[in-house]
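# Observations on the model geometry
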Amino acid sequence: MKKLKIRTSKRNDFVDITKDIEKLIPSNFTGICYLFSTHTTGALTINENADPDVLLDINKHLNKLIPKNQDYFHHFEGNSDSHIKSSLMGFSEIVPIENSKLSLGIWQSIYFCEFDGPRDRSVLVQFIKENC
Amino acid sequence: MKKLKIRTSKRNDFVDITKDIEKLIPSNFTGICYLFSTHTTGALTINENADPDVLLDINKHLNKLIPKNQDYFHHFEGNSDSHIKSSLMGFSEIVPIENSKLSLGIWQSIYFCEFDGPRDRSVLVQFIKENC
Amino acid sequence: MKKLKIRTSKRNDFVDITKDIEKLIPSNFTGICYLFSTHTTGALTINENADPDVLLDINKHLNKLIPKNQDYFHHFEGNSDSHIKSSLMGFSEIVPIENSKLSLGIWQSIYFCEFDGPRDRSVLVQFIKENC
């Protein structure tokens, strides 16, 4: 199992980790790459890597749907919004790999989603060979 | 790795791909089937296959939560809603398989979620044997 | 393939199944644990296990975003909200395992998300060894 270290710089942020994952792929490998965020306020997703407005728009709309403060939020740390966003985005991603290359679509990158930064974050990375 | 081709017919659409996946399952196989959408405006989910109103209701409510237009959407293609919906639904599904049959619940089907169609779409399919 | 039986006690509920999963882990195992909810109104997620207000806040906010009743919900069972919440949370989780221990973050637990209970529920559990 490998571990990727990520330093985020804002409260809400999407960090492209595609190139970092690529460096970890074993040679002559076909199978899946499994990524896991070991946090409860930081998640993983895949989305567009061309126009940076896509990620900004996603961020703005998530903030609208899940505002930082609600009368009925009682969690003492004041970051219930970060926990909700993370569960909705999900803590793991799996990406297929063929001949040691990520089989991502042409517009896809893999992002760590920071919802309560800036912080030091970790993503666990495992590779599992296709076997049939 | 196998590839499933899907032609969607509306801007927002749920296409049941369960039977197409079943045809790809190897014989004498127990393990997992891993599905990956190679797009940023088309996702995957699982949901009910009995009353078609379930999928229509999901679609209507997603459209309410994530409308096509917002003052603060700046992505030049005008489909930020499609990107947001896709990240929330997720780009992969994994389904257990026992003795070459999908271990889906009685009401479950696997759907490709089109959020910016109609388009030609692809889903990558991998099978990984249970090994312990 | 193993099956975990869960009895939920409310319409909306998060049941911590981490300890139940731990009991199923094979000895001398490093790889992934794959969990699958065989339902369309019950899902899986990971989130904080320390302050119970986190789960209560998630539940309250999901109820606000996806209310039980909407004029445009036509599904005859009256639980379209449960189906929508489930697709957004997702029906599977994958957790890395190292030396037969779940590699969860210090604050993470695995939850079955009940969105139309109380009911008897099942989660399928598979283990797949890291093999490269």
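Right, let's walk through the structure included here.

Calculation rules
- For every chain, the first residue of the written sequence is number 1, and numbering continues from 1 along that sequence.
- Each chain gets a letter, beginning with A, and each ligand a number, beginning with 1, in the order they are written.
- Since the coordinates come from a predicted model, pLDDT governs what is reported: local features require at least 70, and pairs of side-chain atoms require 80 or more to be given and counted, while whole-chain, interface and lining totals use all residues.
- The side-chain numbers reported here are obtained from all heavy atoms of the structure, hydrogens and water having been left aside.
- Every axis corresponds to a line fitted to the C-alpha atoms, with the helix fit spanning only the stretch in contact, and the corresponding angles, defined between N-to-C directions, vary from 0 to 180 degrees.
- We count a stretch as a helix when DSSP gives it H or I for four or more residues in a row; a strand needs E for two or more, and each element gets its number in order from the N terminus.
- With respect to orientation, any angle under 35 degrees is reported as roughly parallel, any angle over 145 as roughly antiparallel, any angle of 65 to 115 as roughly perpendicular, and every other angle as oblique.
- Each crossing gets its hand from how the near helix is turned against the far one by less than a right angle, where anticlockwise is left-handed and clockwise is right-handed.
- By the convention used here, residues are in contact when the closest approach between their heavy atoms is within 4.5 Å.
- Three classes are used: nonpolar for Ala, Val, Leu, Ile, Met, Phe, Trp, Tyr, Cys and Pro, charged for Asp, Glu, Lys and Arg, and polar for all others, with Gly counted as polar.
- Only residues with pLDDT of at least 70 in both copies count here: their C-alpha atoms drive the least-squares fit that superposes the copies.
- For each residue, the accessible area found with a 1.4 Å probe, counting protein chains only, is set against the maximum for its type, and the residue is called buried under 20%, exposed over 50%, and partly exposed in between.
- By buried area we mean how much accessible surface two parts lose on assembly, using a 1.4 Å probe and totalling the loss over both.
- Identification of polar contacts relies on pairs of N or O atoms within 3.5 Å, with a donor-acceptor requirement for protein atoms, meaning one able to donate a hydrogen and the other able to accept it, and with residues adjacent in sequence counted only if both atoms are side-chain atoms.
- The working definition used for a salt bridge is a side-chain nitrogen of Lys or Arg within 4 Å of a carboxyl oxygen of Asp or Glu.

### A word on the packing of helix H2 (residues 53–65) of chain B against helix H3 (residues 80–89) of chain C
At a minimum axis separation of 9 Å, H2 of chain B and H3 of chain C run at an interaxial angle of 70°. By the angle class used here, H2 of chain B and H3 of chain C are roughly perpendicular. The hand of the H2 of chain B/H3 of chain C crossing is right-handed. Residues Val54, Asp57, Ile58, His61 and Leu62 of chain B of H2 of chain B form the contact with H3 of chain C, whose own contacting residues are Ser80, His83, Ile84 and Leu88 of chain C. Here the contact of H2 of chain B with H3 of chain C is composed, by residue class, of five nonpolar, three polar and one charged.

### So, unusual backbone geometry
Cis geometry marks the peptide bond from Gly117 of chain B to Pro118 of chain B, where omega comes out at 0°. Here Pro118 of chain B is to be found in the loop between strand S7 (108–114) and strand S8 (120–129). One non-glycine residue, Asn99 of chain C, lies in the positive phi region at around 50°.

### Overview of the relation of the copies chain B and chain A
At an RMSD of 0.0 Å, chain B and chain A line up after a rotation of 120° and a shift of 0.0 Å along the axis. The transformation just described matches what one would write down for a three-fold rotation axis. Taking C-alpha positions as reference, the residue of chain B nearest the rotation axis is Leu88 of chain B, located at 3.4 Å. Interface overlap between copies is the fraction of interface residues in one copy that are interface residues in the other; for chain B against chain A it is only 16%, indicating separate surfaces.

### Overview of helix H3 (residues 80–89) of chain B
Where burial is concerned, most of H3 of chain B is hidden: 10 out of the 10 residues are buried. Positive backbone phi, approximately 100°, marks Gly90 of chain B, located one or two places after H3 of chain B.

### Regarding the side chain of Asn79 of chain B
Mapped onto the elements, Asn79 of chain B comes out in the loop between H2 and H3. If near-sequence neighbours (up to four positions away) are discounted, Asn79 of chain B is found in contact with Arg11, Thr41, Asp116 and Arg119 of chain B.

### Quick notes on the interface of chain B and chain A
Chain B puts 32 residues into the contact, and the matching count from chain A is 35 residues. The contact between chain B and chain A buries some 2,800 Å² in all, and 59% of this surface belongs to carbon and sulfur atoms. Among the residues chain B hides against chain A, the three largest losses belong to Met1, Tyr72 and Leu88 of chain B. Together they make up 20% of the total. Linking chain B with chain A are 19 residue pairs in polar contact (both at pLDDT 80 or more). Residue assignment for the side of chain B that touches chain A shows that the elements contributing at least two residues are strand S3 (31–37), H3, strand S5 (92–98) and S8 of chain B.

### A word on the interface of chain C and chain A
The interface is formed by 35 residues belonging to chain C together with 32 residues belonging to chain A. Both faces considered, chain C and chain A share a buried interface measuring about 2,800 Å² in area, 59% of it formed by carbon and sulfur atoms. Linking chain C to chain A there are zero salt bridges. Counting across the interface, chain C meets chain A through 19 residue pairs in polar contact (both at pLDDT 80 or more). Contributing elements (two or more residues each) for the side of chain C that touches chain A: strand S3 (31–37), strand S4 (42–48), helix H2 (53–65), H3, strand S5 (92–98) and strand S8 (120–129) of chain C. For the side of chain C that touches chain A, the element with the highest residue contribution is H2 of chain C, accounting for nine residues. Considered class by class, the residues forming the side of chain C that touches chain A number 16 nonpolar, nine polar and 10 charged.

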